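Summary of structural features
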Amino acid sequence: MQELTHYIGGEHVKGTSGRFADVMNPATGEVQAKVPLASADELDRAVQIAAEAQPAWAAVNPQRRARVLMKFVDLLNRDMDKLAEALSREHGKTLPDAAGDVQRGLEVVEYCIGAPQLLKGEYTDSAGPGIDMYSMRQALGVTAGITPFNFPAMIPMWMFAPAIACGNAFILKPSERDPSVPLMLAELMEEAGLPKGILQVVNGDKEAVDAILYHDVIQSIGFVGSTPIAEYIYGTGCAQGKRVQCFGGAKNHMIVMPDADMDQAADALIGAGYGAAGERCMAISVAVPVGDETADRLIEKLVPRIEKLKVGPYTAGADVDYGPVVTAAAKENILRLVQSGVDQGAELVVDGRDFNLQGYENGFFVGAHLFDKVTPDMDIYKKEIFGPVLSTVRAGSYEEALKLAMDHEYGNGTAIFTRDGDTARDFASRVNVGMVGVNVPIPVPLAYHTFGGWKKSVFGDLNQHGPDAFKFYTRTKTVTSRWPSGLKEGGEFHFKPMD
Ligand code: NAD
């Protein structure tokens, strides 16, 4: 049995707490490794090392810091297959999807290579007689991030690349379900030239998270995961005076208007609803066809496509559409919610409950499900299922469809499929959701824009990556300076406007 480590001070360090979590192979249901769960003391050791290393890193000029990221991009490309394989083995997603996970992180690293430009401050010449005013963005110090299981490469990179480009040290507490890729990323950053102690990985669970929340030296916390934990981390971290940004769960609606290209809409729903077994925060989990005729046409197109989906382990080849879900508990939760949908009166048009994959009976595979005639009072509508389950809610009109998306407590992503520009524009303008797709089912913004939902999908103000990340990972300092000849004439006691 492989025993994983922490990555502290540039070395793989064995856990000393005596507590471990099982890292599963979701395809076989076997335990493949044990990951140590850090104590507050182990976290503290990483923080001390980070605090010692960070000032020298912040003093390295931004262009040289960016060069480390340039080299890191090369190394990610060199090791892409290795990273994707390790990711699939612990997460279960297909190899092309795992490579996509690395790639969408890599793109944020590329963006952060622009740090010298992004960190430039502002300057006002002659703000007053002989007075200049300038602001600069300075690193926070020691920062930390807590990441979810579903993007074990992308989300850590979304956090540590901008944090480190800005001159901070970063401590990553990855998901205990798939910690190997985060450890590999930390090694690659050092191979790229990052000084020891600037990026460390401390594995753990709530104990390590609480140690982060209450550690005096840690200045900021980034979190991505489920909404209840996001709410806890935001509340506790802010109460400790830290800068915190938390991104939570989702229930993304896709509105299908009667004039939509129905084949295009159905294809989009298949990818966005069932890709990665529905374990994406930007997955579409609710289809909202407008009008019964649209609904009937859509369902008719969806059913054969769903029945053709190939579910299997990542090792089974390129034609596998999606893999297992992450744990036995996740599978149980999904099937329990499916049962609740049936019990509460939704129509289960495609029933994947009996799905069994020969040779992988102990794996956490879940068949694809499609519900029709779901109503907003049902649990399958209210809760994030995070599995291959698509719910259809029939809306009588565009306004009714819009209201559904707006009234849901989550507001991460949404999409509209239509040929009518006016409807699309109205939707994009009025919907209270952070990321909107027009004939695009998963509207994940690229690295140079920012990523973030609204409502219960987010706690905090600034988004992830793009220019917001450089704001989140720096503090502004504004200097007012005067070099007059007459300063010796005496002090000023009145708070004066600049004339
Ligand atoms: P999770 O909330 O269970 O875990 C996320 C992190 O929090 C992990 O590192 C975990 O160790 C830690 N954690 C878990 N329980 C904790 C507790 N009680 N106290 C302190 N820390 C705790 O989420 P997950 O299952 O890993 O990920 C799936 C969730 O993440 C879904 O809800 C999904 O929508 C969400 N997600 C959101 C985004 C986004 O950008 N909005 C992106 C990806 C995933």
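Residues numbered from 1 in each chain as written. Predicted model: local features only at pLDDT ≥ 70, side-chain atom pairs only at ≥ 80, totals over all residues. Heavy atoms only, no water.

Per an unreviewed UniProt entry, the recorded name for the protein is methylmalonate-semialdehyde dehydrogenase (CoA acylating), and the organism is Arenibacterium halophilum.

1. Quick word on the pattern of salt bridges
The final tally for this structure, using the stated rule, is 26 salt bridges. Notably, a salt bridge pairs E207 with R19, separated by 3.0 Å at the nearest N-O pair. Note that E207 is positioned in helix α8 (residues 206-213) and R19 in the loop between β3 (11-13) and β4 (20-25), a separation of 188 residues in sequence. For E207, a relative accessible area of 38% corresponds to the partly exposed category. When the shortest N-O distance is used, the salt bridge between R305 and D267 registers 2.6 Å. Of this pair, R305 sits in helix α11 (residues 292-307) while D267 sits in helix α10 (residues 262-274), placing them 38 residues apart in sequence. (Salt bridge = Lys/Arg side-chain N within 4 Å of Asp/Glu carboxyl O. Helix = DSSP H or I, 4+ residues; strand = E, 2+ residues; numbered from the N terminus. Buried < 20%, exposed > 50% of the residue type's maximum accessible area, 1.4 Å probe, protein only.)

2. Some thoughts on the layout of surface pockets
Estimates place the volume of the largest pocket at around 970 Å³. Along the walls of the largest pocket sit 43 residues, with P148, F149, G225, S226 and I229 positioned nearest its centre. Elements that contribute at least two residues to the lining of the largest pocket include exactly α6 (154-165), α8, β11 (218-224), α9 (227-239) and α12 (328-343). Three or more residues apiece are contributed to the lining of the largest pocket by two domains, here domain 1 (2-248 + 457-479) and domain 2 (252-438). (1 Å grid on protein atoms, 1.4 Å probe; cavity = no way out; pocket = protein on both sides within 12 Å on 5 of 7 lines; lining within 4 Å. Points joined across faces, edges and corners; volume = space filled by probe spheres on them. Domains from an automatic or database assignment.)

3. Description of the site of the ligand
The environment of the ligand is formed by 27 residues, the closest being T147, K173, E176, S226 and E384. Between T147 and the ligand, the recorded distance is 2.8 Å, taken from a backbone N or O atom to an oxygen atom. F149 has a polar backbone atom sitting 3.0 Å from an oxygen atom of the ligand. Protein burial of the ligand: of its 840 Å² of free accessible surface, 87% is covered by the chains. Because more than half of its atoms lie within 2 Å of the grid, the ligand is assigned to the largest pocket. In terms of domain composition, the shell around the ligand takes at least three residues from each of domain 1 (2-248 + 457-479) and domain 2 (252-438). (Near = heavy atom within 4 Å. Polar contact = N/O pair within 3.5 Å; in protein donor to acceptor, adjacent residues only side chain to side chain. Areas by Shrake-Rupley, 256 points an atom, 1.4 Å probe, with all protein chains shown as cover. Sits in = over half its atoms within 2 Å of the grid points.)

4. Points about the environment of N203
Structurally, N203 is set in the loop between β10 (199-201) and α8. When its relative accessible area of 0% is taken as the criterion, N203 is described as buried. In the structure, N203 is positioned 160 residues away from L43 in sequence and 9.0 Å away in space, judged by C-alpha atoms. In contact with N203, not counting residues within four places along its chain, are T5, H6, V35, P36, L37, A38, K173, P174, P179, L183 and A208. A distance of 2.8 Å separates a polar atom in the side chain of N203 from the backbone oxygen of T5. (Contact = heavy atoms within 4.5 Å.)

5. Side note on α9
With 13 residues, α9 should cover 18 Å at 1.5 Å per step; its first-to-last C-alpha distance of 18 Å lies within 8% of that length. All of the buried residues along α9 are T227, A230, I233, T236 and G237. Buried-residue contacts for α9 involve β8 (142-146), α8, β11, β12 (243-247), β18 (410-411) and β22 (458-459). Trailing α9 by a residue or two, G241 shows a phi angle of about 80°, which is positive. (Expected span 1.5 Å × (residues − 1).)

6. Focus on the UniProt feature "domain: Aldehyde dehydrogenase" (unreviewed entry) in the protein
The positions that UniProt labels "domain: Aldehyde dehydrogenase" (unreviewed entry) are, in the present scheme, residues 13-479. Helix makes up 41% of residues 13-479 and strand 21%, with an end-to-end C-alpha separation of 43 Å. (UniProt positions renumbered as here; feature names shortened; annotations may be inferred.)

7. Considerations on the sheet that holds strand β7 (residues 131-139)
In space, the 3 strands of this open sheet follow the order β6-β7-β23, with antiparallel pairing throughout. In this open sheet, the two edge strands, each paired with only one partner strand, are β6 (122-128) and β23 (474-482). Averaged over all pairs of adjacent strands, the angle between strand axes in this sheet comes to 25°, irrespective of strand direction. The pairing of β6 with β7 spans 4 bridges and is antiparallel. Each bridged residue has a counterpart across the sheet, and for G128 the counterpart in β7 is I131. (Pairing = 2+ DSSP bridges. Axes fitted to C-alpha atoms, helices over the stretch in contact; angles between N-to-C directions.)

8. Here we look at unusual backbone geometry
Phi at F386 takes a positive value of approximately 55°, unusual for a residue other than glycine. Residue placement: F386 occurs in the loop between α13 (379-382) and β17 (389-392). Notably, H465 is not glycine yet its phi reads approximately 40°, a positive angle. Mapped onto the elements, H465 comes out in the loop between β22 and α16 (466-472). For H465, a relative accessible area of 2% puts it in the buried group.

9. Description of the domain arrangement of the protein
According to the domain assignment, the protein contains domain 1 (2-248 + 457-479) and domain 2 (252-438). On a C-alpha basis, the centres of domain 1 and domain 2 stand 31 Å from each other. Buried area between domain 1 and domain 2, summed over both chains or domains, comes out near 1800 Å², and the portion from carbon and sulfur atoms is 63%. On the domain 1 side of the interface with domain 2, the three residues burying the most area are P26, A27 and S457, jointly 26% of the side's total. For R280, the salt bridge is made with D97, and the minimal N-O distance between the two is 3.2 Å. Where domain 1 packs against domain 2, one counts 6 residue pairs in polar contact (both at pLDDT 80 or more). Elements with a minimum of two residues in the side of domain 1 that touches domain 2: α3 (80-91) and α4 (95-112). With 4 residues, the top contributor of residues to the side of domain 1 that touches domain 2 is α3. Residues of the side of domain 1 that touches domain 2, tallied by class, amount to 6 nonpolar, 9 polar and 5 charged. (Buried area = accessible area lost by both parts, 1.4 Å probe. Nonpolar A, V, L, I, M, F, W, Y, C, P; charged D, E, K, R; others polar.)

10. A look at the sheet that holds strand β20 (residues 435-438)
Strand order in the open sheet formed by 7 strands is β15-β16-β17-β14-β13-β19-β20, with mixed pairing between adjacent strands. Whereas interior strands pair on both sides, the edge strands pair on one side only; in this sheet they are β15 (347-350) and β20. Ignoring strand direction, the axes of neighbouring strands in this sheet form an average angle of 20°. Inspection of the sheet shows β15 paired to strand β16 (residues 369-372) by 3 bridges, in the antiparallel sense. Paired with L348 across the strands is F371, a residue of β16. Where helix α14 (residues 398-407) meets the sheet, its contacts fall on β13 (252-256), β14 (284-289) and β19 (413-417), and the angle it forms with β13 comes to roughly 170°. With respect to the sheet, helix α15 (residues 421-430) is in contact with β13, β19 and β20, its orientation differing from that of β19 by roughly 165°.

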